[in-house]
Amino acid sequence: MIRNILGSVVALAGAASAVLSPFRDWYAGRAGQDYRLEDLFGGITAAESGVLVSILLPFLAAALLVIVGVVLRSRLVVALAGLVVLGFTILWMVRQGQAAGSLVVAGDGSGLQVGVVNALAGGLLMLIGALLMSGRGRRGRRSRREREPVEPYAAPAADQVDTWPPTQEPGMSVQTSPWPEPEVDPYTGPDPRDPRTRSYPQAPHPEDDPRDPVHPPHRPPPQG
């Protein structure tokens, strides 16, 4: 948040410097608004220019880009605005050098003047503001997502303990089945056909056993 605020202030200051620069002298006492925008592509002439068709036009567009970038917290848009200002300023310097034969900086006002400095400084401030801004980014969303508590598995119902998927309940997790488990046949004694166990006592057959095979025998109550 602090980086976005600081970067936005620096970028807006650069936009203000760039927009004000055409109203100041650029070269040999001639203001930037007197240079036609088309002169930057066809060559510098002595023809006067209107304000809205002068070099001020791309600077106004760059200032609007800065405002949009600050609102959207877009570093790319702010950096693009700075490149527009620097690009048109450097293009003007190339055309002015071709028209004058050379570019000079003189103390008597016959060379480059403060308007060019304002334009270059404005473009640089926009780039610095873009670098200072943290942007919307993905780290903030990722850190918020990481801070969210992770919900554990819900506790199973009373009749579904130790089922899959794993739960926080103790014990082994097994896959339960709705079908009953098969019963194992009870032991009925040694095999009479085996000569090694033929002499062992044999269990009576169920039909010959008077006892209940399921319930153990009970002693009759004592007679009174």
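Residues numbered from 1 in each chain as written. Predicted model: local features only at pLDDT ≥ 70, side-chain atom pairs only at ≥ 80, totals over all residues. Heavy atoms only, no water.

A word on the overall build of the protein
Consideration 1: When you go through the protein residue by residue, the secondary structure sums to six helices and two strands.
Consideration 2: When the helices and strands of the protein are read in sequence order from the N terminus, they spell out α-β-β-α-α-α-α-α.
Consideration 3: Considering the protein as a whole, with its 224 residues, one finds that 29% of them fall into the buried category.
Consideration 4: Residue pairs in contact within the protein that sit at least 24 positions apart in sequence constitute 61% of those at least 6 positions apart.
Consideration 5: A total of about 16000 Å² of accessible surface is found on the protein, and carbon and sulfur atoms cover 62% of it. (Helix = DSSP H or I, 4+ residues; strand = E, 2+ residues; numbered from the N terminus. Buried < 20%, exposed > 50% of the residue type's maximum accessible area, 1.4 Å probe, protein only. Contact = heavy atoms within 4.5 Å. Areas by Shrake-Rupley, 256 points an atom, 1.4 Å probe, with all protein chains shown as cover.)

Observations regarding the pattern of salt bridges
Consideration 1: Counting across every chain of the model gives two salt bridges.
Consideration 2: Ionic pairing is found between Arg36 and Asp39, a salt bridge with its closest N-O pair at 3.0 Å. (Salt bridge = Lys/Arg side-chain N within 4 Å of Asp/Glu carboxyl O.)

Observations regarding helix H5 (residues 114-132)
Consideration 1: A rise of 1.5 Å per residue sets the reference length of H5, with its 19 residues, at 27 Å; its end C-alpha atoms lie 26 Å apart and thus fit the reference within 8%.
Consideration 2: Packed against the buried residues of H5 are helix H1 (2-20), strand E1 (25-27), helix H3 (56-72) and helix H4 (75-100). (Expected span 1.5 Å × (residues − 1).)

Remarks on the packing of aromatic side chains
Consideration 1: Under the criterion given, the structure shown has five aromatic pairs.
Consideration 2: Between the aromatic rings of Tyr27 and Trp92, the centroid separation amounts to 6.4 Å while the plane-to-plane angle is 65°, which identifies the pairing as edge-to-face. Taken as a pair, Tyr27 in strand E1 and Trp92 in helix H4 lie far apart in primary sequence, 65 residues in all. Here Tyr27 and Trp92 have matching classes, each one buried.
Consideration 3: A centroid spacing of 6.5 Å and a plane angle of 85° characterise the contact between Phe41 and Phe88, whose relative ring orientation is edge-to-face. (Phe/Tyr/Trp six-rings, centres within 6.5 Å; stacked < 30°, edge-to-face > 60°.)

Comments concerning the packing of H4 against H5
Consideration 1: Their axes nearest at 8 Å, the elements H4 and H5 cross at an angle of 160°. As summarised for this structure, H4 and H5 are arranged roughly antiparallel, according to the angle between their axes. With respect to the hand of their crossing, H4 and H5 are arranged in left-handed fashion. Contacts from Arg75, Val78, Ala79, Ala81, Gly82, Leu83, Val85, Leu86, Thr89, Trp92 and Met93 in H4 reach Val116, Ala119, Leu120, Gly123, Leu124, Met126, Leu127, Ala130 and Leu131 in H5.
Consideration 2: Split into classes, the residues belonging to the contact of H4 with H5 amount to 16 nonpolar, three polar and one charged. (Axes fitted to C-alpha atoms, helices over the stretch in contact; angles between N-to-C directions. Parallel < 35°, antiparallel > 145°, perpendicular 65-115°, else oblique. Left-handed = near helix turned anticlockwise from the far one by under 90°. Nonpolar A, V, L, I, M, F, W, Y, C, P; charged D, E, K, R; others polar.)

Some points on H1
Consideration 1: Compared with an ideal rise of 1.5 Å per residue, which puts 19 residues at 27 Å, H1 spans 27 Å between its outermost C-alpha atoms and is within 8% of the ideal.
Consideration 2: Looking only at H1, the buried set comprises Asn4, Gly7, Ser8, Val10, Ala11, Gly14, Ala15, Ser17, Ala18 and Val19.
Consideration 3: In this fold, the buried residues of H1 make contact with H3, H4 and H5.

What about a nonpolar patch on the surface?
Consideration 1: Side chains of Leu12, Leu64, Ile67, Val68, Val71 and Leu72 sit close together on the surface and give an oily, nonpolar patch of about 560 Å² of accessible area.
Consideration 2: The element that contributes the greatest number of residues to the nonpolar patch is H3, accounting for five residues.
Consideration 3: Overall, the relative accessible area of 47% leaves Leu72 in the partly exposed class. (Patch = residues over 30% accessible without salt bridge, like charges linked within 9 Å, V, L, I, M, F, W, Y side chains within 5 Å.)

Topic: the packing of H1 against H3
Consideration 1: Running from N to C, H1 and H3 cross one another at 165°; their axes reach a closest spacing of 9 Å. In terms of orientation, H1 lies roughly antiparallel with respect to H3. In this structure, H1 meets H3 at a crossing whose hand is left-handed. Residue-level inspection shows Ser8, Ala11, Leu12, Ala15, Ala18 and Val19 of H1 in contact with H3, the latter providing Leu56, Phe59, Leu60, Ala63, Val66, Ile67 and Val70.

Topic: the confidence of the model for the protein
Consideration 1: Averaged over every residue, the pLDDT of the protein is 79; residues scoring 70 or more account for 62%.
Consideration 2: Least confident of the elements in the protein is helix H6 (residues 139-147), whose mean pLDDT is 56; most confident is H5, at 96. (pLDDT = per-residue confidence, 0-100.)

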